[in-house]
Amino acid sequence: MQQQYLYPQNLKAEANMWLWSMRDFTVVAVCALLSVLVLSTTKSPIPMAVAAVYGFLTIRLDDQCILDFISWAVRYFLTTQQEFRWRCRRAQ
């Protein structure tokens, strides 16, 4: 009997769980668990909101997420040196 194996289209693709990468899903799950613990003891919803915002920002579609775009924008506009070239015009 010949066995048939099914492989994904892109074997080098990153592993995903629903709409998140595995690392982001793990971070969201741990943060959600800790925020439920904090919510039950201190009645503070702030950690739950932080976990929800992080979960929203890391939703991945076509290998892009909002958090990547924000980090690229911060790197481009704030943290990296922009290169400007000035030319002096000759006085006539």
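Before reading further, recall that the structure is shown in the block above.
Because the structure is a prediction, the values reported are computed rather than measured.

Caption draft 1: The arrangement of the pattern of salt bridges in detail. What the rule picks out here adds up to three salt bridges. For Asp 24, the salt bridge identified is with Arg 23, shortest N-O distance 3.4 Å. Take Arg 23: its relative accessible area is 58%, and that puts it in the exposed class. Across the pair Glu 83 and Arg 85 runs a salt bridge, and its minimum N-O distance is 2.6 Å. Residue Arg 85 is classed as exposed on the basis of its relative accessible area of 72%.

Rules used throughout
Residues numbered from 1 in each chain as written. Predicted model: local features only at pLDDT ≥ 70, side-chain atom pairs only at ≥ 80, totals over all residues. Heavy atoms only, no water. Salt bridge = Lys/Arg side-chain N within 4 Å of Asp/Glu carboxyl O. Buried < 20%, exposed > 50% of the residue type's maximum accessible area, 1.4 Å probe, protein only.

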